[in-house]
Amino acid sequence: QLQAYGGGLVQTGGSLRLSCVPSGFIESNHWVGWFRQASGEQREMVAWISSGGGSTYADSVKGRFTISRDNVKNTVYLEMNSLKPEDTARYYCKLRQWSFGEWNDYWGQGTLVTVSS
């Protein structure tokens, strides 16, 4: 239900843009988020954006990453600038939507981001 792509290898200080494309029926009340998981680490939240456009970020990426959405293209983006080696991880997008009286979560496959020093 979610496709994530755009990862790759980039040097320190470089930029990448990730894309997440939900498919299927999307409820009007929903959030789309980016999470990441480095090797041997727990998955952590990177950024969320609501159906209304509100967003939140992890402290570690504030000022460097920007989450946005294009409702015409039905795509959520994560613009990543000033990348650091510690940003290296597999990045996952997640859809959280209110349906059937509860929040339901859906994960996409990950896309690997590698930042070389």
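The structure we're discussing is the one just above.
Residues numbered from 1 in each chain as written. Predicted model: local features only at pLDDT ≥ 70, side-chain atom pairs only at ≥ 80, totals over all residues. Heavy atoms only, no water.

What follows deals with the overall build of the protein. Each helix and strand in the protein was counted, giving 0 helices and 11 strands. Each helix and strand of the protein, ordered N terminal to C terminal, gives the series β-β-β-β-β-β-β-β-β-β-β. At 14 Å, the protein has a C-alpha radius of gyration in line with the 13 Å of a compact globule built from 117 residues. With the C-alpha coordinates of the protein rotated into their principal frame, the extents come out at 45 × 30 × 25 Å. A burial count over the protein gives 40% of its 117 residues as buried. Restricting to contacts in the protein with at least 6 residues of sequence separation, those with at least 24 account for 52%. Surface exposure of the protein reaches about 6300 Å², of which carbon and sulfur atoms provide 47%. Considering the protein, the positive charge centre built from 11 side chains and the negative charge centre built from 10 side chains are found 3 Å apart. (Helix = DSSP H or I, 4+ residues; strand = E, 2+ residues; numbered from the N terminus. Rg over C-alpha atoms; globule rule 2.2 N^0.38 Å. Buried < 20%, exposed > 50% of the residue type's maximum accessible area, 1.4 Å probe, protein only. Contact = heavy atoms within 4.5 Å. Areas by Shrake-Rupley, 256 points an atom, 1.4 Å probe, with all protein chains shown as cover. Lys, Arg positive; Asp, Glu negative; His and termini not counted. Charge placed at Lys NZ, Arg CZ, Asp CG, Glu CD.)

Inspection of the entire model under this criterion finds 6 salt bridges. Here Arg36 ties to Glu44 by a salt bridge, and the two come within 2.7 Å at their closest N and O atoms. You can call Glu44 partly exposed: its relative accessible area is 36%. Among the salt bridges present, the one from Arg64 reaches Asp87, with a minimum N-O distance of 2.7 Å. Here Arg64, found in the loop between strand S6 (55–57) and strand S7 (65–70), pairs with Asp87, found in the loop between strand S8 (75–80) and strand S9 (89–99); they are 23 residues apart in sequence, far enough to count as distant. An identical accessibility class is assigned to Arg64 and Asp87; each is buried. (Salt bridge = Lys/Arg side-chain N within 4 Å of Asp/Glu carboxyl O.)

Looking at where Leu78 falls in the secondary structure, it is placed in strand S8. Overall, the relative accessible area of 0% leaves Leu78 in the buried class. Leu78 sits 12 residues away from Arg90 along the chain, and the two C-alpha atoms are 13 Å apart. Apart from the residues within four sequence positions on either side, Leu78 is in contact with Leu16, Arg17, Leu18, Trp34, Val46, Ala47, Phe65, Thr66, Ile67 and Tyr91.

This part takes up a nonpolar patch on the surface. A cluster of nonpolar side chains, contributed by Trp31, Trp98 and Trp103, occupies part of the molecular surface with about 300 Å² of accessible area. Relative to the helices and strands, Trp103 resides in strand S10 (residues 102–107). (Patch = residues over 30% accessible without salt bridge, like charges linked within 9 Å, V, L, I, M, F, W, Y side chains within 5 Å.)

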